[in-house]
Amino acid sequence: MPSTKGALRRHPVGFPFSPDRLRWKTFENWCSEIIVPNVPVFSPTTTATAAVAVDEIVRVCNWAASCGYWVRPSGVNHGWSPFVLGPDDRPHAHRIVLIDMSGLTHDFEVDQSRAEFPCPVVRCSSGVLLCDLIRRLQATPLKAAGTAAGTADKTSTAATGFSFPNTPSLASLTVGGVLAVGGHGTSLDPRPVMPGADVATEGGGHGCLSNRIVEMTIIAYDPAEGQYRPKTLRRRRRAPAATGDEDEDDELRAYMCCLGRTIILHVVLAIEPSRLIRGRSYFHLTESQVFAEPTAADPVPKGSFQEYFNRTGRVDIIWFNHVDPGKNVPWLRTMEDCSERPRESVEVTHQLNYRKVQSPSFFTSLFSMAVGYPVGKAQLKDDMELLQGAVWSKLCAFAIHRKTDTDAKGDSLRGCPQEPPRGYLLTGPLMLFQRCVTRLTRALNAQKRMPAIATTMAAENAKLYAREKVTDLWGPSGHHLIAFDTQTMRLTTNGYGLLMQRDHVQRALAMFVSVLRRVTRQLAESKGWHPFMIMDARVSGLDRGGDIPGMAPSSAPLLTATAWEPDCASNGWDCVLWVNVLSLPRALGVNEFYAELEGELRKTYRAPFAKLRVEYSKGWAYTAEGGPQTDAEGLQFARNQLPGFRHAVRIFDKNDPKDIFQCEFLKRFCILNDEHVAGAADVSSFSRARIGRFDENDAGAESNGWMSVGWWAALGILLCLLMLRLFTS
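The numbers attached to residues start from 1 for each chain and follow its sequence in the written order. Given that this is a predicted model, residues contribute local features only at a pLDDT of at least 70 and side-chain atom pairs are listed and counted only at 80 or more, while totals for whole chains, interfaces and linings are drawn from all residues. As a rule here, side-chain values cover all heavy atoms of the structure and leave hydrogens and water aside.

1. Observations regarding the overall build of the protein
Going along the chain from the N terminus, every DSSP run of H or I of four or more residues is numbered as a helix, and every run of E of two or more is numbered as a strand. In terms of regular secondary structure, the protein is built from 23 helices and 20 strands. Burial classes follow relative accessibility: with a 1.4 Å probe on protein chains only, a residue under 20% of its type's maximum area counts as buried, one over 50% as exposed, and anything between as partly exposed. Looking at the protein residue by residue over its 729 residues, the buried ones come to 58%. Contacts are residue-level and defined by heavy atoms, with any inter-residue pair within 4.5 Å sufficient. In the protein, the share of contacts with a sequence separation of at least 24, taken over all contacts with a separation of at least 6, comes to 78%. Surface accessibility of the protein: about 29300 Å² in total, with carbon and sulfur atoms responsible for 55%. Working definition of accessibility: Shrake-Rupley area with a 1.4 Å probe, residue cover restricted to the visible protein chains.

2. A look at unusual backbone geometry
Between Ala-607 and Pro-608 the backbone carries a cis peptide bond, its omega angle lying at 10°. Assignment of secondary structure puts Pro-608 in the loop between α17 (590–604) and β20 (611–614). Positive phi values are uncommon outside glycine, yet Asn-77 reaches one of about 60°. Relative to the elements of secondary structure, Asn-77 occurs in the loop between β3 (70–74) and β4 (96–100). Positive phi values are uncommon outside glycine, yet Asp-659 reaches one of about 60°. With respect to the helices, strands and loops of the structure, Asp-659 is situated in the loop between α19 (645–655) and α20 (664–669).

3. Thoughts on the environment of His-480
Among the secondary structure elements, His-480 is positioned in helix α14 (residues 477–481). Non-local contacts of His-480, meaning those with residues more than four positions away in its chain, are made with Ile-277, Arg-278, Gly-279, Arg-333, Met-335, Val-348, Leu-473, Trp-474 and Gly-475. In protein, a polar contact requires one atom able to donate a hydrogen and another able to accept it; more generally it is a pair of N or O atoms within 3.5 Å, and residues adjacent in sequence count only if both atoms are side-chain atoms. Here Ile-277 takes part through its backbone oxygen, which lies 3.1 Å from a polar atom of the side chain of His-480.

4. As for the packing of aromatic side chains
Only Phe, Tyr and Trp rings are paired, with Trp represented by its six-membered ring, and only when their centres lie within 6.5 Å; those with planes under 30 degrees apart are stacked, over 60 edge-to-face, the remainder tilted. Applying the stated criterion across every chain, the model contains 22 aromatic pairs. Seen in terms of ring centroids, Phe-83 and Phe-665 are 5.3 Å apart; in terms of plane orientation they differ by 75°. Their pairing is edge-to-face. Of the two residues, Phe-83 is situated in the loop between β3 and β4 and Phe-665 in helix α20; the sequence distance between them amounts to 582 residues. Considering the side-chain rings of Trp-331 and Phe-484, the 6.2 Å spacing of their centres and the 90° angle between planes classify their relative orientation as edge-to-face.

5. Things to note about the nonpolar core
Side-chain atoms within 4.5 Å are what join buried Ala, Val, Leu, Ile, Met, Phe, Trp, Tyr and Cys residues into a set we call a nonpolar core. With 119 residues, the main nonpolar core has Met-535, Leu-559, Leu-577, Tyr-616, Trp-620 and Phe-669 as its most contacted residues. Element by element, the count of residues in this core is highest for helix α15 (residues 505–527), at 10 residues. Once residues within four sequence positions are removed from consideration, Leu-577 is found in contact with Tyr-496, Gly-497, Leu-498, Met-500, Val-505, Ala-508, Leu-509, Ala-537, Arg-538 and Val-539. In terms of nonpolar packing, the next biggest core, distinct from the first, is built from 26 residues, Tyr-69, Val-97, Met-101 and Phe-661 among them.

6. Side note on helix α2 (residues 50–67)
With 18 residues, α2 extends 26 Å from end C-alpha to end C-alpha; this agrees with the ideal 26 Å at 1.5 Å per step. Turning to α2, its buried residues number three or more, namely Ala-50, Ala-53, Val-54, Glu-56, Ile-57, Val-58, Val-60, Cys-61, Asn-62, Trp-63, Ala-64 and Cys-67. Two residues or fewer past α2, Gly-68 is found with a positive phi of approximately 80°. Expected helix span is taken as 1.5 Å per residue step, with the number of steps being one fewer than the number of residues.

7. Some points on the side chain of Ser-126
Of note, Ser-126 is situated in the loop between β6 (121–125) and α3 (130–138). Those residues in contact with Ser-126 that lie beyond four places of it in its chain are Met-101, Leu-104, Thr-174, Val-175, Gly-176, Ile-264 and Leu-265.

8. Here's the deal with the state of the cysteines
In what follows, a disulfide is any cysteine sulfur pair within 2.5 Å. If you walk through the whole model with that rule in mind, you get 0 disulfides. For the unlinked cysteine Cys-258, the closest cysteine sulfur is that of Cys-257, found at 7.1 Å.

9. Overview of the sheet that holds β3
One open sheet holds the 4 strands; their spatial order is β1-β2-β4-β3, and the pairing between them is mixed. In the strand order of this sheet, the two ends are held by β1 (22–28) and β3, each with one partner. Put simply, the sheet's adjacent strands are angled 40° from each other on average, direction ignored. The rule for pairing is simple: two strands pair if DSSP sees at least two bridges between them. By the bridge criterion, 5 bridges tie β3 to β4 in an arrangement that is parallel. For Val-71, the partnering residue across the bridge sits in β4 and is Val-97. Each axis is a line fitted through C-alpha atoms, and for a helix only the stretch in contact is used; angles between axes span 0 to 180 degrees, taken between their N-to-C directions. Taken strand by strand, α2 contacts β2 (35–42), β3 and β4, and its axis lies near 170° from that of β4.

10. Thoughts on α19
Buried within α19 we find Phe-645, Ala-648, Val-649, Ile-651, Phe-652 and Asn-655. Each buried residue of α19 lies within a common arc of 160° when the element is viewed along its axis, so the set occupies one face. Note that the arc is computed from the directions linking the helix axis to the C-beta atoms.

11. Description of the confidence of the model for the protein
Confidence scores here are pLDDT values: one per residue, from the predictor, ranging 0 to 100. Model confidence for the protein is summarised by a mean pLDDT of 76, while 68% of its residues fall at 70 or above. Of all the helices and strands in the protein, helix α11 (residues 393–399) carries the lowest mean pLDDT, 37, while β20 carries the highest, 97. Segment residues 145–158 is flagged for pLDDT under 50; beyond a separation of four residues in sequence, or across chains, it makes 33 contacts in the model.

12. Quick look at the sheet that holds β6
The strands that make up a sheet are held in pairs by hydrogen bonds between backbone atoms, and each pair lies either parallel or antiparallel. Strand order in this open sheet of 5 strands is β5-β6-β10-β8-β9, and the pairing throughout is antiparallel. The outermost strands of the open sheet, each flanked by one partner alone, are β5 (108–111) and β9 (227–234). For this sheet the average axis-to-axis angle between neighbouring strands, irrespective of direction, equals 15°. Relative to the sheet, α2 contacts β8 (213–222), β9 and β10 (264–270), its axis offset from that of β9 by approximately 125°. Strands β5, β6 and β10 of the sheet are contacted by α3, whose axis makes an angle of about 45° with β5.

13. Overview of the pairing of β1
Sheet analysis places β1 next to β2, joined by 6 bridges and oriented antiparallel. Of the residues in β2, the one forming a bridge with Leu-22 is Phe-42. Connecting β1 to the next strand, β2, in antiparallel fashion are 6 residues, including Ser-32 with a positive phi near 65°.

Spelled out as structure tokens, the structure:
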């Protein structure tokens, strides 16, 4: 099969800008499980005004509609799911143009006047980093009107500036990316919402960040003009206006969590006065205390997750797993309102207060793992070779073209076959690097060392946090929300949200841990796999339209995992328990582990006790062979958990009739009825139907691919000779 690299790098026919405005890159998601080479990327102008950048994006969209290209928005790519690009997009990656939205940072304006909106709001571009937005909000002085009666929360302890009730805790996330997948943090007002209460002032507003949207500008198709244009969607107010457009409000409800089915240009978000928060970390609790099963005699066990949740309303826990029961060290972190600094607390004046102590643990843990067991010198030497191979794993991820055929037989790592994929040259050095990575993952699993990494991390974190004095922090909420930067371990993870009553959080968490232990034990006994490393859990509220002051109760998002539905009222569900299980990417048995776990969770959590939903940005719908987002039954399950899913898909299709805001995964996931599932399994049918009409212009460039293979062959021979010299010297 001839290489198409010459065709892939050819300037797209009819592209409205000069060739130097396009750059070609390898798309890679957060944990390198999705790698798509040779993708053209367009960056809008960042030196001019926002209007110029928007006009350039619109021109690219209209060109794509006329020339048979797809357009995908891209930010910092800090995600696990294939909503931007997936493995199925590799064959036609040259027909997908990524729009780099990270440079769209022109707009930032805080409006406290309440003239246009009934609450304080911030206008910003979608490419603004979340950490920068919160930093600038925190530095914005409050006006007198901003602290008068009627603010977002009457119980807030006022601090300087503005903030949000909760946000994701990572720094390098764009606002548009967070809103597209319904990003969230951890917070829930400890007071239960009483029937008939005004949730905007009594216990509401603690869902995901998408529910803070009061206005959004997107790119949508205009039938009157016959082209794509910017379109502004506004949220319905509590008192309906005389001339209101209900359809437009429904459109905003769909696009509050758009899943990448459009390009978000600008947003207006409701904000609230910043709170003074005390954040504490606990390392003295045992797993038997934190995950204790509640009983009728003891509904809130001492030291349990529920106890801290009832006390503070903001709790997350990271559980570092160990193969031996009783040696696990959970890290429980709380945040609570505190108007005055306690004597033992350290005042914080910036974000990322855990940055110093999160990065070193990875490589330190690997070396500790190697020497932490009674092994001989030969085994230790073997481990050092494996660690050396791990250093090169990143190079392997970039250099090895993944085999996507369904009959690929990988020796150990999915996507890293022992034999070269058809049509590409796998050089000798890369095979050596690949073999080292294979040996590393085998050693981690067979010798039960992957959980040992997590145990070492827990011990290190407890010591480092105490030494760095970050176990008890106090300051404005904006300095607590963004806790971690992107130097954390690049692990793979699944993600689910459990809708339930707040009084049942401890019982649901104990059930999850029980299921997790059972699945882990079964795989360990039957196949010797130990992929489970870390578990993360947190709690947030639901998204209701009335959570935002002045907004109508029927204006909540349709697609967020925190979306309110009628079953919430009938079953008393008022919160979401988020659970994630993390592991090393492409470790032995990790996909089978996730698939087994997901199947058990679907059986365990059923109404009226709880309802299981997926967390879009993480992994879900697993199969043992294909990994995340590949199980047709799991995709159907995710669709069925949201009553407004099909209505939202109709809105997406109406505003994108040319199908330019698509990728292969979205075509399989965003469907209207069950009959489409069988056809959606053929992931290449959409590509052939859309691209086949436009590929004649690139046919002449196919022959250039053979020349590139010759160059790679020569380079491979040179590298082989060099590596042979190094290994024999």
